[in-house]
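The residues making up each chain are set out below.
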Amino acid sequence: MELYQGVNFFELPPHVYAIADNAYRMMCSELNNHFILISGESGAGKTEASKKILQYFAVTCPMTQSLQIARDRLLLSNPVLEGIPVGGHIISYLIEKSRVVYQNEGERNFHIFYQLLAGGEEERLAYLGLERDPQLYKYLSQGHCAKESSINDKNDWKTVFNAFSVIDFTEADLENLFGIIASVLHLGNIGFEEDDQGCATIPDTHEIKWIAKLLGVHPSVLLEALTHRKIEAKTEEVICPLTLELSVYARDAMAKAVYGRTFTWLVNKINSSLVNEDFTRKTVIGLLDIYGFEVFDKNGFEQFCINYCNEKLQQLLIERTLKAEQAEYEMEGIEWEPIKYFNNKIICDLVEERHKGIISILDEECIRPGPATDLSFLEKLEEKVGKHAHFETRKLAGPKGRKRIGWMEFRLLHYAGEVTYCTKGFLEKNNDLLYRHLKEVLCKSKNVILRECFLLAELENRRRPPTVGTQFKNSLSSLLEILISKEPSYIRCIKPNDRKEPNKFDDFLIRHQIKYLGLMEHLRVRRAGFAYRRKYEHFLQRYKSLCPDTWPHWHGPPAEGVERLIKYIGYKPEEYKLGKTKIFIRFPRTLFATEDAFEFSKHQLVARIQATYKRCLGRREYVKKRQAAIKLEAHWRGALARKAIQRRKWAVRIIRKFIKGFISRNKPLCPDNEEFIVFVRKNYILNLRYHLPKTVLDKSWLRPPGILENASDLLRKMCVRNLVQKYCRGITAERKAMMQQKVVTSEIFRGRKDGYTESLNQPFVNSRIDEGDINPKVLQLISHEKIQYGVPVIKYDRKGFKARQRQLILTQKAAYVVELAKIKQKIEYSALKGVSTSNLSDGILVIHVSPEDSKQKGDAVLQCGHVFEAVTKLVMLVKKENIVSVVQGSLQFFISPGKEGTIVFDTGPEEQVYKNKNGQLTVVSVRRKS
């Protein structure tokens, strides 16, 4: 839809959307009425094409709330009526009432019957006395086509029911309407029997009771009306019984009358919901979805009327195209080689004449006095139109043709081909009389819809109603009058095959349709002539913006204006002709180029108009804003000035107060210095928050003014206390233990041994040796004791001072010097005499044992990389006071009973441990800068 919207008619491939869009745009631009005639055989897709056009208009037309409601109702009226939408008004030209009571083989009744049975709710069907199986009803089963694979009656029922709600049907309307529909089905199931006198009776009144309930009539009155006829004499009424055949006729006539008038009521009801309350003059687009040309195995009165209508429409098409084409060229003085009318034009003219004669004869037979039968009608046809070239009966046909025509049949040659009609039922269907007795029953019905359809005023009219043929002929004449008054567009629907199968093309069938529809002749006419023609006024009005001489107004004759316009555009002589009142353009490409130029010019004009209008609006808005801005600025400047004066007065007052307060700041609190002191306090407190110490060791503090020294001291103490509490709360148990160890270390080594200060930031650990680094045999030997600390050390022999790698392991009870899998020395804490280290930065420590202890070999001389940590751990495990000696120069150690050794401590450029000439152990350390 978006692709075809607003596009030139010839720019895209043919489509129903192109037809719809072109009709809509021409209606809007030229303000004239249009109609779209959709024609073709039955089953060719005419109704589907009409739906597509309605959908296109619904989507592409400008929409308001009231138009939206009308659009929805118009679209949804299609499934309700199975009818012909014409803009915002529905017109019904022939309701095929005979289909209600009889269907040909392979033909269905009206869809609403099957939809109600398939989709109606169980409660609704029970209320109407209906069953779901359509085969149970005579009026639905005669064509043996109750179920159609291509039709989903249940889903269609939902669509129809939804449509009723959109078209403003109340629940009472629906109840009455469905009651009428159900009563038609019950009527078809009434069975008649013949009594001894040859009169009709109804032995089973089950269906009569249901009909009486649904239509709101008395059962006995209805029963009498179906089996008796009221005959009126001058002064009295006589009720005569009906024969079996006449009772069946009365029943079917009642069914047709009820359905037909209800359908007319439904059309009027929908039209009332589509009424546009804006009564100003409107242009319209008529959409005519007419029944197609019908040829069945058995063709009756309905097919005769339908085919007559198609003949008239085909004749109209020819008149509006070929004949009008030639007449227009002659009238406009355009040289053009006329094309002769083709055969089906001649056939259409003859068939129209023949149809009128047959309908006239039929009416004469229906109203003449004396007995008239279908056979007498056929004989009258042979007498009156027997000499017509396109009329045949069995009697008039040649030897070969007689075999194909029955005794009760006649054959007509239509533009679409030959059709054989059976005259059986022609008179009855043309009469379509409803006995007065039955009409009285229906006029007194309590069903609201039926009361509107059958008015009591009808009973007062004694005149014979017009026949169906006459009604149809008059209705068709009014239709043609409507069509002739409007600009036409045509859609031809071609049926691809007779089996309704997709993707199957029957070449012979299609060729036949193209031939009798005269499509090739139409093509030749269009190609030989001019593709586009318009009155000078319309052409100039539309395209005058393309030429400076004609824009914006042309004051001369329109023909001269068009001539000036096309010369400016650059038309070549072979591309156009100028008639008396119209311009004729031969090639679509010429029109396309003009239309494209117009679209471009229109955009330029619109842009120029928009620019001028926007400039005007902008200037107007600018002036308005400028005046407002000047006014605002004046008021705002005044407000700012007044505000500035107030602020200056306030500032002067505050400065005076502060000067007085500063002068009297050291005096007792009084009105003169109160605000100043408060400000100083506040300012000091606010500044102090940005200069608080972050840690306990941070001794910085913001200097207070003289009047706040006491308060500052209190705040400082509170801050320090708070930092200490915060620091203490943040210490873990492990760190606390480590710090306790550091305290012990401080008591032993602070100020007494080099390297102590550097060791402060080195945290102690639980052990420098993991259990995995200790030999399992050693672990087994000391398994009864828990290891508290372990560290790698270098042990110097007591005699030769040879260095050996060892492990110092401290338990709860003893210190062990371990070599791989052996314990070289075990020193129990009870036997430990003391621990000695030097005052230098070497890692030498000597564990002294008691000489009297025979278990000990002598003192242990060790060098450890973590001497502070090892000595502290040992001291805390031994739990003795003053056992550590920090010596200077040298120390004596116990080698064996009665023998001592000496360790000399010295400083030098590099660290060394060696045995000197005197046999002493010399330890050289690098002196650390203090």
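From a predicted model like this one, the values you see are computed outputs, not experimental measurements.

Trainee: Break down the UniProt feature "binding site: ATP" (unreviewed entry) in the protein chain for me, with residues and values.
Mentor: Under the UniProt annotation, the feature "binding site: ATP" (unreviewed entry) is placed at Gly 40, Glu 41, Ser 42, Gly 43, Ala 44, Gly 45, Lys 46 and Thr 47. Relative to the helices and strands, Gly 43 resides in the loop between strand 1 (34–40) and helix 2 (46–60). If you trace the backbone, Ala 44 turns up in the loop between strand 1 and helix 2. The residues touching Ala 44, leaving out its near neighbours within four places in the chain, are Cys 493, Ile 494 and Lys 495.

Trainee: Hey, could you go over the sheet that holds strand 11 (residues 417–422) for me, with residue numbers and the actual values?
Mentor: Spatial ordering of the open sheet is given by 9-10-11, a layout of three strands whose pairing is antiparallel. What marks the edges here is a single partner per strand, and that holds for strand 9 (391–393) and strand 11. Sheet twist, expressed as the mean angle between neighbouring strand axes with direction ignored, is 25°. Alignment of strand 9 against strand 10 (residues 409–414), held across three bridges, turns out to be antiparallel. Each residue of the ladder has a partner; that of Phe 391, found in strand 10, is Leu 412. Packing of helix 15 (residues 374–385) onto the sheet brings it into contact with strand 9 and strand 10, and relative to strand 9 it is tilted by some 135°.

Trainee: For the nonpolar core, give the residues involved together with the corresponding values.
Mentor: Counting residues in hydrophobic clusters, the biggest one holds 65 residues, and the most contacted among them are Phe 113, Leu 130, Met 254 and Phe 454. Sorting elements by how many residues they give to this core places helix 12 (residues 244–273) first, with eleven residues. In terms of nonpolar packing, the next biggest core, distinct from the first, is built from 38 residues, Leu 37, Ile 358, Val 419 and Tyr 421 among them.

Trainee: Report on the sheet that holds strand 27 (residues 921–925), specifying residues and quantitative values.
Mentor: What the four strands build is an open sheet, ordered 24-25-27-26; its pairing is mixed. The open sheet has two edge strands with one neighbour each: strand 24 (890–896) and strand 26 (912–915). The sheet shows a mean angle of 20° between the axes of neighbouring strands, taken without regard to direction. The pairing of strand 25 (residues 899–907) with strand 27 spans five bridges and is classified as parallel.

Trainee: Requested: an account of the pairing of strand 22 (residues 860–864), with residues and values cited.
Mentor: Judged by how many residues are buried, strand 22 sits mostly within the fold: four of five residues are covered. Bridge analysis of strand 16 (residues 787–796) against strand 22 gives four bridges, and the strand direction is antiparallel. Bridge pairing in strand 22 places Val 793 opposite Cys 864. Bridge count for strand 21 (residues 844–849) against strand 22 is four bridges, and the pairing is antiparallel. Looking at the pairing, Val 846 lines up with Val 861 of strand 22.

Trainee: Pulling in residues and values, what's your account of the packing of helix 29 (residues 733–749) against helix 32 (residues 867–878)?
Mentor: Where helix 29 meets helix 32, the closest approach of the two axes is 9 Å, and the angle between their N-to-C directions is 100°. Relative to helix 32, helix 29 is oriented roughly perpendicular. Facing Gln 741, Val 744, Thr 745, Ile 748 and Phe 749 of helix 29, the residues of helix 32 in contact are Phe 868, Val 871, Thr 872, Lys 873, Val 875 and Met 876. Looking at the contact of helix 29 with helix 32 residue by residue, the classes come out as seven nonpolar, three polar and one charged.

Trainee: Please provide a residue-by-residue account of the pattern of salt bridges, values included.
Mentor: Overall, the coordinates contain 28 salt bridges when judged by the stated rule. Glu 819 is paired through a salt bridge with Lys 824; the nearest N and O atoms lie 3.5 Å apart. By relative accessible area, which is 24% here, Glu 819 ends up partly exposed. When its relative accessible area of 31% is taken as the criterion, Lys 824 is described as partly exposed.

Trainee: A description of the packing of aromatic side chains should follow, citing residues and the corresponding values.
Mentor: When we look at a pair of aromatic rings, we describe it by the centre distance and by the angle of the planes. Across all of its chains, the model carries 31 aromatic pairs by this definition. When the centroid spacing of 5.6 Å and the interplanar angle of 35° are considered together, the rings of Trp 157 and Phe 161 count as tilted. Highlighted residues: Trp 157 and Phe 161, both in helix 8 (residues 153–166), separated by four residues, approximately one helical turn. For Phe 161, a relative accessible area of 25% corresponds to the partly exposed category. Aromatic rings pair up to connect Phe 301, Phe 304, Phe 377, Phe 391, Phe 410, Tyr 421 and Phe 426 into one cluster. The ring of Tyr 127 has Lys 213 lying over it, and the distance from NZ or CZ to the ring centre is 4.4 Å. The ring of Trp 407 is capped by Arg 394, whose NZ or CZ atom sits 4.7 Å from the centre of that ring.

Scoring rules and cut-offs
- Residues numbered from 1 in each chain as written.
- Predicted model: local features only at pLDDT ≥ 70, side-chain atom pairs only at ≥ 80, totals over all residues.
- Heavy atoms only, no water.
- UniProt positions renumbered as here; feature names shortened; annotations may be inferred.
- Helix = DSSP H or I, 4+ residues; strand = E, 2+ residues; numbered from the N terminus.
- Contact = heavy atoms within 4.5 Å.
- Pairing = 2+ DSSP bridges.
- Axes fitted to C-alpha atoms, helices over the stretch in contact; angles between N-to-C directions.
- Core = buried A, V, L, I, M, F, W, Y, C linked by side-chain atoms within 4.5 Å.
- Buried < 20%, exposed > 50% of the residue type's maximum accessible area, 1.4 Å probe, protein only.
- Parallel < 35°, antiparallel > 145°, perpendicular 65-115°, else oblique.
- Nonpolar A, V, L, I, M, F, W, Y, C, P; charged D, E, K, R; others polar.
- Salt bridge = Lys/Arg side-chain N within 4 Å of Asp/Glu carboxyl O.
- Phe/Tyr/Trp six-rings, centres within 6.5 Å; stacked < 30°, edge-to-face > 60°.
- Lys NZ or Arg CZ within 6 Å of the ring centre and 35° of its normal.

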